[in-house]
Amino acid sequence: MTGVPASAAGGSSSARRTGPRGTSGAAQEPVGRTNPGSAVERVAAERAATDRGTTDQGTTDRGSAERGSTEGGAAGRGGKIAAAAVNQASVWNVANLLTMLRLLLVPAFVALMLGNGGYDPAWRSFAWAAFAIAMITDLFDGHLARTYNLVTDFGKIADPIADKAIMGAALICLSALGDLPWWVTAVILGRELGITVLRFVVIRYGVIPASRGGKLKTLTQGIAVGMYVLALTGPLATLRFWVMAAAVVLTVATGLDYVKQAIVLRRRGIAERRAALKETEA
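Procedures and definitions
Residue positions are given per chain, counting from 1 as you read along its sequence in written order. Since the coordinates come from a predicted model, pLDDT governs what is reported: local features require at least 70, and pairs of side-chain atoms require 80 or more to be given and counted, while whole-chain, interface and lining totals use all residues. Derived side-chain values reflect all non-hydrogen atoms in the structure, with water molecules and hydrogen atoms excluded from consideration. Helix numbers and strand numbers start at the N terminus; a helix is a DSSP run of H or I with at least 4 residues, a strand a run of E with at least 2. Only protein chains enter the accessibility calculation, which uses a 1.4 Å probe. A residue is then buried if its area is under 20% of the maximum for its type, exposed if over 50%, and partly exposed in between. Throughout, a contact is declared for two residues whenever any of their heavy atoms are within 4.5 Å. For accessible areas, the Shrake-Rupley method is used with a probe of radius 1.4 Å. Any residue's cover is judged against the shown protein chains and nothing else. Any Lys or Arg side-chain nitrogen located within 4 Å of an Asp or Glu carboxyl oxygen qualifies as a salt bridge. Given the number of residues in a helix, its expected span is that number minus one, multiplied by 1.5 Å. Pairing of aromatic side chains here covers Phe, Tyr and the six-membered ring of Trp, requires ring centres within 6.5 Å, and sorts the geometry by plane angle: under 30 degrees stacked, over 60 edge-to-face, intermediate tilted. Note that patches include only residues with greater than 30% relative accessible area and no salt bridge, and the join distances are 9 Å for like charges and 5 Å for nonpolar side chains (Val, Leu, Ile, Met, Phe, Trp, Tyr). In this tally, Asp and Glu contribute negative charge and Lys and Arg positive charge; neither His nor the terminal groups of the chain are included. Every charge is mapped to an atom, namely NZ of Lys, CZ of Arg, CG of Asp or CD of Glu. Inter-axis angles, ranging from 0 to 180 degrees, are taken between N-to-C directions of lines fitted to C-alpha atoms, where helices are fitted over the stretch in contact. Angles below 35 degrees are treated as roughly parallel, those above 145 as roughly antiparallel, those between 65 and 115 as roughly perpendicular, and all remaining angles as oblique. Here a crossing is taken to be left-handed if its near helix is turned anticlockwise relative to the far helix by less than a right angle, and right-handed if that turn runs clockwise. We call a set of buried Ala, Val, Leu, Ile, Met, Phe, Trp, Tyr and Cys residues a nonpolar core when their side-chain atoms join them within 4.5 Å. Here the term charged refers only to Asp, Glu, Lys and Arg, the term nonpolar to Ala, Val, Leu, Ile, Met, Phe, Trp, Tyr, Cys and Pro, and the term polar to all other amino acids, Gly among them.

Undergrad: Give a detailed account of the overall build of the protein chain, specifying residues and quantitative values.
TA: Scanning the protein chain from terminus to terminus reveals eight helices and zero strands. Ordered by position in the sequence, the α and β elements of the protein chain form the string α-α-α-α-α-α-α-α. By the burial criterion, 28% of the 282 residues in the protein chain qualify as buried. Considering only residue pairs separated by 6 or more positions, the protein chain has 74% of its internal contacts joining residues 24 or more positions apart. A total of about 18600 Å² of accessible surface is found on the protein chain, and carbon and sulfur atoms cover 65% of it.

Given below as structure tokens:
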């Protein structure tokens, strides 16, 4: 028999045991095969990382939400405070300041009018200046409030009070000094107070608008009372009598007109309410 060379046999055996890189065939793993244990660990690690990220994100979101809520609450409170400040500051507008000035001029006018016995021409002149300033500001404050939207609850209440106060103080002082009959004072003040009460009585049915006659009455009253405040003599003293007579006539006439308007306004309001009630029942 022919024998196989030992080198050939050894080479074949070596080829079976040695892989491409000369490593043992038993230890060599095929390319692309993954260790199951390491794959499971990687998946677990990835899940843990994902969970941690979600938790961190949730914590961040909650923190942002809490901060937003806190900031929103603070902003809301700040807005309310700012709004309150604006509302409070709106009372101190030009129209209301003029009304306050008229209220302050009332005691000043009385003191000047009665100064030095009430018959000193110099003191009466100062009193006339205070009265004139009060009447002039009365012409401007209402116009400013309506034109520039400065109407406030304070102005609605204080403005008519200031008007009646300065006019009433002047009339009472003149009558107390004997310069003006008491019945004139009673007629003018009675009309002013009566119409004011009447406005509040019928306000549920509507508002009685100011008429041209009422504005003319106010102007005439102011001129007449101003002329009586001054220590006039001669023809001017006679003239002031007729101006005051015109003021009294306008006072009575416009007062009756306001009463008529109030009656009509009340009847109309009652009729509208009855009609609305019938429609509701139907």
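This is not the end of the story, as more comes after the structure.
Undergrad: An account of the environment of Gly-194 is needed here, citing residue identities and associated values.
TA: Here Gly-194 shows up in helix α6 (residues 182-201). Gly-194 gets classed as partly exposed once you look at its relative accessible area, which sits at 37%. Taking C-alpha positions, Gly-194 is 9.5 Å from Val-259, a pair spaced 65 residues apart along the chain.

Undergrad: Report on the pattern of salt bridges, specifying residues and quantitative values.
TA: Evaluation of the coordinates by the stated rule reveals seven salt bridges. One salt bridge connects Arg-102 with Asp-141, and the closest N-O pair in it is separated by 2.5 Å. Of this pair, Arg-102 sits in helix α3 (residues 94-113) while Asp-141 sits in helix α4 (residues 121-147); the two residues are 39 residues apart in sequence, bridging distant segments of the chain. Neither residue differs from the other here; Arg-102 and Asp-141 are each classed as buried. The salt bridge involving Arg-191 is made with Glu-192; its shortest N-O contact spans 3.2 Å. As far as burial versus exposure is concerned, Arg-191 and Glu-192 are alike and both buried. The network of salt bridges with shared partners includes Arg-102, Asp-138, Asp-141, Asp-159 and Asp-163.

Undergrad: Tell me about helix α8 (residues 235-281), and please be specific about residues and values.
TA: Taking 1.5 Å of rise per residue, 47 residues should cover 69 Å, and α8 covers 69 Å from first to last C-alpha, within 8% of that figure. Those residues of α8 lying buried are Arg-240, Val-243, Met-244, Ala-247, Val-248, Thr-251, Thr-254, Gly-255, Tyr-258, Ala-262, Leu-265 and Gly-269.

Undergrad: Before we move on, could you go through the packing of aromatic side chains and cite the residues and values that matter?
TA: This structure, assessed with the given rule, holds two aromatic pairs. When the ring of Phe-109 is compared with that of Phe-131, the centres are 5.9 Å apart and the planes differ by 45 degrees; the resulting orientation is tilted. Of the two residues, Phe-109 is situated in helix α3 and Phe-131 in helix α4; the sequence distance between them amounts to 22 residues. By relative accessible area, which is 0% here, Phe-109 ends up buried.

Undergrad: Tell me about a positive patch on the surface, and please be specific about residues and values.
TA: Together, Arg-204, Arg-266, Arg-267 and Arg-273 make up a positively charged patch on the protein surface. Position of Arg-267 among the secondary structure elements: in helix α8. Classification of Arg-267 by relative accessible area gives exposed; the value is 62%.

Undergrad: Residues and numbers for the packing of α4 against helix α5 (residues 153-176), please.
TA: Between α4 and α5, the least distance of the axes is 11 Å, while the angle of their chain directions is 155 degrees. On the basis of the axis angle, α4 is roughly antiparallel to α5. Considering only the axes of α4 and α5, their crossing is left-handed. Residue-level contacts link Arg-124, Phe-131, Ala-134, Met-135, Asp-138 and Asp-141 of α4 to Asp-159, Asp-163, Ile-166, Met-167, Ala-170 and Leu-174 of α5.

Undergrad: Break down the nonpolar core for me, with residues and values.
TA: Grouped together as the largest cluster of nonpolar side chains are 30 residues, with contacts concentrated most on Phe-109, Met-113, Phe-131, Val-225 and Met-244. For this core, the secondary structure elements donating two or more residues are α3, α4, α5, α6, α7 (212-229) and α8. Per-element accounting of this core gives the leading share, seven residues, to α5. Every residue in contact with Met-244, bar those within four places of it in the chain, is listed here: Leu-180, Val-184, Ile-188, Ala-224, Val-225 and Tyr-228. Val-202, Tyr-205, Tyr-258 and Leu-265 belong to the second-largest nonpolar core, a separate cluster that totals seven residues.

Undergrad: Give me the packing of α3 against α5: which residues, what numbers.
TA: It is the contact of α3 with α5, at a shortest axis distance of 9 Å, that shows an interaxial angle of 15 degrees. Judged by the angle between their axes, α3 and α5 are roughly parallel. Remark: the crossing between α3 and α5 carries left-handed chirality. Residues belonging to the contact of α3 with α5 are distributed by class as follows: 17 nonpolar, three polar and three charged.

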